Amino acid sequence: MKRLFSKSSKNATSSAKTSAPAELPMAGRTPARPASMTPSLQPNYVVPPVPHPNPHEHIALLASEDGLLMRPHRAGLPYPASYVRISWGKTANIAELPSDGGSPSVDWKESVVIYGIVGLMTLFNASYLLVITSRSDIGQLFDASHLIYGVKSVVSIPLVKNRAKSILSRMASRNTSVNRPSLLVSSVDDLQFLDEGTSGGPQVKFADEEEVKILTPRDQVKFPINSADRPASPVSSGASTPASDVSMTHSPVSTIANRMSFWSRLSKRASSVSEGADVEESLLDERELFDSIIHDAEGVPDKVISSIIAATAPPPESSEERNSELEQRILRRCLREFTKGDMYFALHFDITRSLQHKHEQFTKLHAQNKLLSELDALPKRTTVNPLDDKVDALFEPSVMLPLWRRVDRHFWWNEWLSKPFMDAGLHSYVTPIMQGYIQISSFDLPKDTSAMQDDSAGPVDYIVISRRSRDRAGLRYQRRGVDDEAHVANFVETEVIMRVQRNGISNIFSYVQIRGSIPLFWTQSGYSMKPPPVLAPERTPAQNLDAIKRHFRRAVPVYGPHTIVNLAEQHGKEGMITNAYREYATKLDAKDVRYCEFDFHRETKGMKYENISKLITQLERVFESQGFFWVSNNMLLSKQKGVFRVNCIDCLDRTNVVQSAFARHVMNMQLEAVGLLSPPQSGKSGVEVIFNDVWANNGDAISRAYAGTSALKGDFTRTGKRDLGGMLNDGVNSLARMYSATFSDWFCQAVIDFMLGYRTLSVFEEFLIKLQSTDPRELIRLSKIRAEAIATSVARVLSEGETLISGWTIFSPEQLNVKFDDRFEEKVLLLSARALYIVSYDYSLEKAKMYICIPLGAIARLEKGAYIISPLEEASRDPVQNAGFSVYWHSSDKISMRMTSYSIRNCPGDAPTRSPPAVSASSSSQFKPMLPRREPMKTANLSGIMSKVSENAAGATNFCFAAFKALPVDPARVRSGSSIGYAEPADDLAGATTCKQVVDMMVDGIKRACEDAGNSPVVTDRDVVSLTEAQKMTSIYAKMEYGVKRLIWLGGLV
């Protein structure tokens, strides 16, 4: 634990700061001792016993032979005491080295200056340093020592010497041309892949890709998804080539190829067009190619599409090439997330906490210090000054700590990327970045004719700071409701700070509201304009009640008593969720949580948005009891004692309108508190213009981050009235949101999960196979469910005293004696000292449906190898990550089978049996996976079920077998301090990184158990289902379905 002592600061500006507690160095550590010489502490815990320096405002970068060098760059410090070296290579080693004192071994004159570091990202082939090359000045929080910046441009520098030198050279040239001390780059795409032009081979120029990948003609409207705030490049890239011009002519071949192929390469034929080739002639050639393809394919759609993709946009020829192209796409999306205009940072103070939160932190630290002093637990010569009545509203607690140790981690978006620098103890190279919105404005109040002549009031500073949580972060239809850690989607804390100066007295106000998704387990599909939200069917009422309890148990201590304002419809499509929210809020029975409903659409029907005043009148007593944080002339007059938690379905449009109305009402209360008249809410006064503009911009920023477009109903927020033009604009935005959800959100969600540290690179393999990604919290939940399934199966299946060796969950055809089926299920495989149990488990009912017991002595052989189910994507064709095994056993009376039948009879042997399709020993080696003939659907009865099971497994001759496919090895990253993590249920599989390794461990475990039982089964390496067999058994309809999915999902990513 850090200890605190009081230390006067030379730069102190108020008496309040002299009484502030400051952090003590850790016990047992000499303050002057360098961090690198401290053997007992990790570097990220080592700080000097003085106020820690802020993150560097400018950093110089230099590519050397040994690695990428960095050092602070500021006037008056030509030779810093040390510099940082990041070694070349995918596994980047970061070390702080003593400065050379200006020796010519390192020529810093060739360095490039940047504004800060986003972090380090490791991908398939290389690691990349993400740096801030351009920033926007948002403004200052009352004084020049509290400057706030917005991230404007980010460049990725590969940790490969030649590529890094190429990037830095281009950055240096741009820096010199604009004659600025730091690089000013407005176009991210212009620099992030500069090394492509120097590699020597034909490469795609990604700067032109936005023009290549469009379906509609160029003169039609194109939705600007996630690009509204991105500044345009002032300098033309000049990267146009004849190949790109041909692509932009939108020939049928190029259009279909570009939309249906994830890979952004142009065909070799297109790239070989000469410099002087005529565009019209090339277009004619494309059309002729298209006609020939249709003729050769005989007009069959599947063959036409496959031929076009193969001819003009073939997939990568190797996994290395595929990873390289996917790597570029991940980088582009990641950089786009940081440069959309909603990322902010400050160098000298914490922007992730509200003013009241900081004050409460300071009070808490002082109370802890006082208690330690009374217990004589502080070092000698350490005194704790008593608190006086003076309060500095902008005071920063714990200034001894680095800035990254002071911020609220819930709002710190680049923590995972910054982790290598934190672990190395390079505190001043860590710049915490927050997503949200910040606007600093001011307005003049109208003159009060009844006021005294000597009464003066200066301009009012009005500041809105919205902080968007990284917990359950993501996009609209991918992240809804609550997760198993009780975090909700789209949680945003919005603080309004206002400074009113009157008669020489400064009054600083702060008021906080929050928004967040309804804290229940629910989902909503994004395939239509207004999809209905539904409760997650796999969740029980007890789980929903527990989630909402834990959510408010965490939130109430932070924000005080909650008043829930639910704006969702009480009837219609949203009625189910609203009714469930009301029901669970009532069952919550918490004195600090009050539930209130306001059907926004019904109450404001006919564009009557003025009816929101009814809600304010209804909650008037709540406004009075909550109050607001108020510091007047360095005296604390009041604190906020509660918070409004406003939500609709999206927590975007309706929520922003109501929160702006609440903020306006509180602003009037604050002005009245200092004796000023509330400005009128009609007309075009300066107050109205500034207030509406700030809140409309705030709603747009949050909407772009969550839904991809500006907020609906923004016309009311900006002007105070609703009109037909605003409704038409809302229709366009609704279409754009559906487009974003349908075309690009899945890949974007995968990138967000990866850059936040929730998923590994395997999330992109999953995306290529499924064309969507799994919520990392869902992976964690599934790991718990699988562990419970194993435990339940053990309790239900194993005999008393029977020793369990291992238990696994594994993918398998629903029926036995088949390897390729149209119906697979996740089964439980139990290995005991006596037998191998194959358990069919019902995860919804949490019970074992049926099991077959195979004595270890009956197992004849084990076959392991590739298990390819789908040959459509390379990731699903990889034998290392698609592996399985088959278990063959002798058919005999020793094979027992039981099933849950809800009656006294549960043995399939009691049912009428027919000749089983056993596999003969002579033909087993020539066995081909078979797709069972599908019979007409009819109501199944117990005898039919038992007969089917008996028919497939109770053979009297030769062998029976079962095929198993290992589940994907996809661990989700877990942050330090997290209460849960993802791990394989079986400890004996720990350390496996591929499905092939998992299969090897399972087969080896079964073999050893058989040997201990006196049996020696044969283990052979043979594919369960090879790629060739999978291709033969994949129907043309499956290929067509997948092709359409690629057209829809992947076409919008380019």
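Note: the structure precedes this text.
The following paragraphs examine the structure supplied in this document.

Regarding the overall build of the chain
Here is step 1 of the chain: When helices and strands are counted, the chain shows 30 helices and 31 strands.
Here is step 2 of the chain: Expressed as a percentage of its 1054 residues, the buried residues of the chain come to 55%.
Here is step 3 of the chain: Here the contacts in the chain between residues at least 6 apart in sequence split such that 72% fall between residues at least 24 apart.
Here is step 4 of the chain: Of the roughly 45900 Å² of accessible surface on the chain, 53% is carried by carbon and sulfur atoms.

Notes on the sheet that holds strand β7 (residues 112-114)
Here is step 1 of the chain: Sheet architecture is open: five strands sit in the order β6-β5-β4-β3-β7, paired in antiparallel fashion. Each having just a single partner strand, β6 (94-98) and β7 make up the two edges of the open sheet. On average, each strand axis in the sheet is tilted by 30° relative to the strand beside it, whichever way the strands run.

Quick word on the environment of D693
Here is step 1 of the chain: With respect to the helices and strands, D693 occurs in helix α20 (residues 686-706).
Here is step 2 of the chain: Residue class for D693 comes out partly exposed when judged on its relative accessible area of 29%.
Here is step 3 of the chain: Spatially, the C-alpha atom of D693 lies 9.8 Å from that of Q439, the residues being 254 residues apart in sequence.

Describing the pattern of salt bridges
Here is step 1 of the chain: Counted according to the given criterion, the structure contains 37 salt bridges.
Here is step 2 of the chain: Linking R467 and E495 is a salt bridge whose minimum nitrogen-to-oxygen distance equals 2.8 Å. Placement of the pair is R467 in strand β13 (residues 460-468) and E495 in strand β14 (residues 492-502), with a sequence separation of 28 residues. E495 shares its class with R467; the two are buried.
Here is step 3 of the chain: For R861, the salt bridge is made with E863, and the minimal N-O distance between the two is 3.0 Å.

As for the environment of A875
Here is step 1 of the chain: Structurally, A875 can be placed in helix α26 (residues 874-877).
Here is step 2 of the chain: The buried category is assigned to A875, whose relative accessible area is 6%.

Section: the packing of aromatic side chains
Here is step 1 of the chain: Applying the stated criterion across every chain yields a total of 21 aromatic pairs.
Here is step 2 of the chain: For the pair F509 and F628, a centre-to-centre distance of 5.6 Å together with 75° between the ring planes defines the contact as edge-to-face. With F509 in strand β15 (residues 505-515) and F628 in the loop between α18 (620-626) and β20 (629-632), the pair connects residues that are 119 residues apart, well separated along the chain. The pair F509 / F628 is uniform in exposure class, with both members buried.
Here is step 3 of the chain: When the centroid spacing of 6.4 Å and the interplanar angle of 50° are considered together, the rings of F628 and W630 count as tilted. Neither residue differs from the other here; F628 and W630 are each classed as buried.

Some details on the nonpolar core
Here is step 1 of the chain: Within the largest apolar cluster, 42 residues are counted, with the highest numbers of intra-cluster contacts made by Y462, L567, L615, L619, F623, F644 and F662.
Here is step 2 of the chain: Looking at this core, the elements that each hand over two or more residues are β13, β14, β15, α17 (612-618), α18, β22 (643-647), α19 (653-673) and α20.
Here is step 3 of the chain: A per-element tally of this core places α19 first, with nine residues.
Here is step 4 of the chain: Of all hydrophobic cores here, the second largest spans 41 residues; its members include Y115, L331, V751 and F767.

Analysis parameters
Residue numbering note: each chain is counted from 1, following its sequence as written. For a predicted model such as this one, the threshold for reporting local features is a pLDDT of at least 70, and the threshold for listing and counting side-chain atom pairs is 80 or more; totals across whole chains, interfaces and linings nevertheless cover every residue. For the side-chain quantities, the full set of heavy atoms in the structure was used; hydrogens and water were omitted. Starting at the N terminus, helices and strands are each numbered in turn, a helix being any DSSP run of H or I of at least four residues and a strand any DSSP run of E of at least two. When a residue's accessible area, from a 1.4 Å probe over protein chains only, is under 20% of the maximum for its type it is buried; when over 50% it is exposed; and in between it is partly exposed. Contact definition: two residues touch when any of their heavy atoms are within 4.5 Å. Accessible areas in this description were obtained via Shrake-Rupley with a 1.4 Å probe; residue shielding takes into account the shown protein chains only. One bridge is not enough; two strands pair if DSSP finds at least two bridges between them. To obtain each axis, a line is fitted to C-alpha atoms, and for helices this fit is confined to the stretch in contact; angles are then taken between N-to-C directions over 0 to 180 degrees. Here, a salt bridge means any Lys or Arg side-chain nitrogen found within 4 Å of an Asp or Glu carboxyl oxygen. Whether two aromatic rings pair depends on their centres lying within 6.5 Å, for rings of Phe, Tyr and Trp, where Trp uses its six-membered ring; planes under 30 degrees apart make the pair stacked, over 60 edge-to-face, and the rest tilted. Nonpolar cores are built from buried Ala, Val, Leu, Ile, Met, Phe, Trp, Tyr and Cys residues. Side-chain atoms within 4.5 Å join them into one set.

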